[in-house]
Amino acid sequence: MKKYKGIFINLFLFFFSLFSQNSFAASQKEGWEQVYAGYDRTCVVKDSMINCVGQNTYGESLNKKFEKKIKQVALGKSHTCLLDEDGVWCFGSNGYKQINVPSNLINPRQITAGNRH
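About the thresholds
- Here the residue numbering is sequential within each chain, running from 1 through the sequence in written order.
- Reporting in this predicted model follows two pLDDT cut-offs: at least 70 for local features of residues, and 80 or more for side-chain atom pairs to be given and counted; totals over whole chains, interfaces and linings ignore these cut-offs and use all residues.
- In computing side-chain properties, one takes all heavy atoms of the structure into account and sets aside hydrogens as well as water.
- By convention a nonpolar core is built from buried Ala, Val, Leu, Ile, Met, Phe, Trp, Tyr and Cys residues, the set being connected through side-chain atoms within 4.5 Å.
- The rule is simple: take the accessible area with a 1.4 Å probe, protein chains only, and divide by the maximum for that residue type; under 20% is buried, over 50% is exposed, in between is partly exposed.
- Secondary structure elements are taken from DSSP: a helix is a run of H or I of four residues or more, a strand is a run of E of two residues or more, and numbering for both begins at the N terminus.
- Throughout, a contact is declared for two residues whenever any of their heavy atoms are within 4.5 Å.
- Defined by distance alone, a disulfide is two cysteine sulfur atoms within 2.5 Å.
- What makes two strands pair is DSSP finding at least two bridges between them.
- Inter-axis angles, ranging from 0 to 180 degrees, are taken between N-to-C directions of lines fitted to C-alpha atoms, where helices are fitted over the stretch in contact.
- Centres within 6.5 Å make a pair out of two Phe, Tyr or Trp rings, where for Trp the six-membered ring is used; the pair is then stacked when the planes are under 30 degrees apart, edge-to-face when over 60, and tilted otherwise.
- The rule is short: NZ of Lys or CZ of Arg within 6 Å of the ring centre and within 35 degrees of the ring normal puts a charge over the ring.
- Under the counting rule used here, the positive set is Lys and Arg, the negative set is Asp and Glu, and His together with the chain ends is not counted.
- A carboxyl oxygen of Asp or Glu within 4 Å of a side-chain nitrogen of Lys or Arg is what we treat as a salt bridge.
- Residues adjacent in sequence count toward polar contacts only when both atoms are side-chain atoms; beyond that, a polar contact is any pair of N or O atoms within 3.5 Å, and within protein one must be able to donate a hydrogen and the other to accept it.

Chemist: Give me the lowdown on the nonpolar core, citing residues and values where you can.
Modeler: Counting residues in hydrophobic clusters, the biggest one holds eleven residues: Tyr-36, Cys-43, Val-45, Ile-50, Cys-52, Leu-62, Phe-66, Ile-70, Val-73, Leu-75 and Leu-82. Elements represented by at least two residues in this core include exactly β2 (41-46), β3 (49-54) and β5 (70-75). Here this core gets three residues from one element, more than from any other, and that element is β5. The contacts of Val-45, once residues within four sequence positions are left out, are Trp-32, Glu-33, Gln-34, Tyr-36, Ile-50, Ile-70 and Val-73. One finds Ala-74, Leu-83, Val-88 and Ala-113 within the second-largest nonpolar core, a separate group that totals eight residues.

Chemist: An account of the state of the cysteines is needed here, citing residue identities and associated values.
Modeler: Enumeration according to the criterion identifies two disulfides in this entry. Cys-43 shares a disulfide with Cys-52; S-S distance 2.1 Å. The chirality of the disulfide connecting Cys-43 with Cys-52 is right-handed, given an S-S dihedral of about 105 degrees. Side by side, Cys-43 and Cys-52 carry an identical accessibility label, which is buried. One disulfide in the model links Cys-81 with Cys-90; its S-S distance is 2.1 Å. Taking the torsion about the sulfur-sulfur bond, which here is approximately 110 degrees, the covalent link between Cys-81 and Cys-90 counts as right-handed. Cys-90 carries the same exposure label as Cys-81, and that label is buried. What connects to what in the protein chain, once the bonded cysteines are numbered by sequence position, is 1-2, 3-4.

Chemist: Explain unusual backbone geometry residue by residue, including any values.
Modeler: One non-glycine residue with positive phi stands out, namely Asp-47, at about 55 degrees. The phi dihedral of Lys-97 is positive, around 60 degrees, even though this residue is not glycine.

Chemist: Any chance you could break down the sheet that holds strand β4 (residues 63-65) for me, citing the residues and the numbers?
Modeler: Sheet architecture is open: four strands sit in the order β1-β2-β3-β4, paired in antiparallel fashion. Either end of the sheet is taken by a strand with one partner, and the two such strands are β1 (34-37) and β4. Taken pair by pair, the neighbouring strands of this sheet meet at an average axis angle of 15 degrees, ignoring direction.

Chemist: Can you tell me about the packing of aromatic side chains, naming the residues and giving the values?
Modeler: The tally for this structure, following the rule as stated, stands at one aromatic pair. Positioned above the aromatic ring of Tyr-39 is the side chain of Lys-77, whose terminal nitrogen or guanidinium carbon lies 5.6 Å from the ring centre.

Chemist: Provide a residue-level description of the side chain of Asp-84, including the pertinent values.
Modeler: The topology assignment puts Asp-84 in strand β6 (residues 79-84). Despite its burial, Asp-84 remains without a salt bridge, the nearest opposite charge being carried by Lys-71 at 7.6 Å. At 2.8 Å, the side chain of Asp-84 forms a polar contact with the backbone nitrogen of Asp-86. A distance of 3.1 Å separates a polar atom in the side chain of Asp-84 from a polar atom in the side chain of Trp-89. In contact with Asp-84, not counting residues within four places along its chain, are Phe-66, Lys-68, Lys-69, Ile-70, Lys-71 and Trp-89.

This is the structure in structure tokens:
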């Protein structure tokens, strides 16, 4: 159970923020399409917009609009990667080179992230 403590706390914070007066109205208006839950943060996605709540020590919790539609998000322990129509983008801690996307990556279809990868 200890292993999942961060996830439960983060989901609570996320849903609490959704049901607060201002953000609930915004979430209904935005019509989020995908939800991603990680160790210590949760992200919602619609088209080219990503909004995350939770841990942001290294800039891993994004609140950003991209130029292209976001297809998938992967949450590592202290980094976040996303796949859009242009390729893979990663943000957050790079202590183990986990956000370095290979320059020769061609047509990625799926991404995943773990503790340090």
